[in-house]
Amino acid sequence: GTAATHGEGRVTAADVDRARDAVTRVARVTPVLESWTIAERAGAGTVLLKAENLQRTGSFKIRGAYNTIATLGEAERRAGVVAASAGNHGQAVAWAAREAGIPATIFMPQDAPMAKVEATRSYGGATELVGAGFEEAMRWTAGGPVGLSGGAAAAAVSASDAACRRRTAIVRTSSPAIEPMRAR
């Protein structure tokens, strides 16, 4: 891909422009609202809230997921993507993968809210309920169950990569996060 990766150099203005162009095609423009109540309770002068709950899939995470998938190479796209999530990130990855025409498997903790699991499935993601918590679901993105992606390398779309880059809108999976899918 062409986007800068975590720890692999500087993010350039061209990287930001490419990310903005990719995300602009799918992200909704959401309003910024002033909250007098929160400002008063917090003792702040002005509190502004970005209404990202109006975004596709209900959160800002669509931006990072879509941009990550848009930067995948052809071999990565054929193999599909995996992600670990208890909800919003998984929904965003499933939606973005569906839009790109590639498979997505989302590993979710066994106690993930069923509303989040069903929403992820409704966006086209295959869900695997694994482990007692998010950390265990994360481990599954590196190894994968039998048959996932036919044993090919699948790109892991990390929520932490998205979070650390949302200020610049550059998101790309880091090299250690892309590992061969091995049968267990």
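All values reported here derive from a predicted model rather than from experimental measurement.

Chemist: Explain the pattern of salt bridges residue by residue, including any values.
Modeler: For the coordinates displayed, the defined rule picks out 8 salt bridges. Of the charged contacts, one joins D21 and R20 as a salt bridge, the two residues approaching to 3.7 Å between their closest N and O atoms. When salt bridges that share partners are traced, they join D17, R20 and D21 into one network.

Chemist: Could you give me a rundown of the side chain of S35, with the residues and numbers involved?
Modeler: Within the secondary structure, S35 sits in the loop between β1 (32–34) and α2 (36–42). Residue class for S35 comes out buried when judged on its relative accessible area of 11%. Separated by 3.1 Å, the side chain of S35 and the backbone nitrogen of I38 make a polar contact. Every residue in contact with S35, bar those within four places of it in the chain, is listed here: V47 and L49.

Chemist: Give me the nonpolar core: which residues, what numbers.
Modeler: In terms of nonpolar packing, the biggest core is built from 22 residues, with I69, V81 and V93 touching the most fellow members. Going through the elements one at a time, α3 (61–70), β3 (81–84), α5 (88–100) and β4 (104–108) are the ones with two or more residues in this core. In terms of residue count, the dominant contributor to this core is α5 (5 residues). Setting aside residues up to four positions removed in sequence, V81 forms contacts with I69, L72, V93, A97, I102, P103, A104, T105, A155 and V157. The next biggest cluster of nonpolar side chains, apart from the first, holds 7 residues, and it includes F107, V130, A137 and W140.

Chemist: Which residues make up the pairing of β4, and what are the values?
Modeler: The buried count for β4 comes to 5 of 5 residues, which makes it a mostly enclosed element. With burial as the criterion, each face of β4 is covered, one bearing A104, I106 and M108 and the other bearing T105 and F107. Once you follow β3 into α5 and on to β4, the crossover reads as right-handed. Bridging between β4 and strand β5 (residues 126–129) involves 4 bridges; their strand directions are parallel. Among the inter-strand pairings, T105 is bridged to a residue of β5, identified as A126.

Chemist: With reference to specific residues and values, describe a nonpolar patch on the surface.
Modeler: A surface patch of nonpolar side chains, amounting to about 250 Å² of accessible area, comprises L33, I38 and L49. Inspection of the secondary structure puts L33 in strand β1. For L33, a relative accessible area of 46% puts it in the partly exposed group.

About the thresholds
- Residues numbered from 1 in each chain as written.
- Predicted model: local features only at pLDDT ≥ 70, side-chain atom pairs only at ≥ 80, totals over all residues.
- Heavy atoms only, no water.
- Salt bridge = Lys/Arg side-chain N within 4 Å of Asp/Glu carboxyl O.
- Helix = DSSP H or I, 4+ residues; strand = E, 2+ residues; numbered from the N terminus.
- Buried < 20%, exposed > 50% of the residue type's maximum accessible area, 1.4 Å probe, protein only.
- Polar contact = N/O pair within 3.5 Å; in protein donor to acceptor, adjacent residues only side chain to side chain.
- Contact = heavy atoms within 4.5 Å.
- Core = buried A, V, L, I, M, F, W, Y, C linked by side-chain atoms within 4.5 Å.
- Right-handed = clockwise from strand over helix to strand, strands pointing away.
- Pairing = 2+ DSSP bridges.
- Patch = residues over 30% accessible without salt bridge, like charges linked within 9 Å, V, L, I, M, F, W, Y side chains within 5 Å.
- Areas by Shrake-Rupley, 256 points an atom, 1.4 Å probe, with all protein chains shown as cover.

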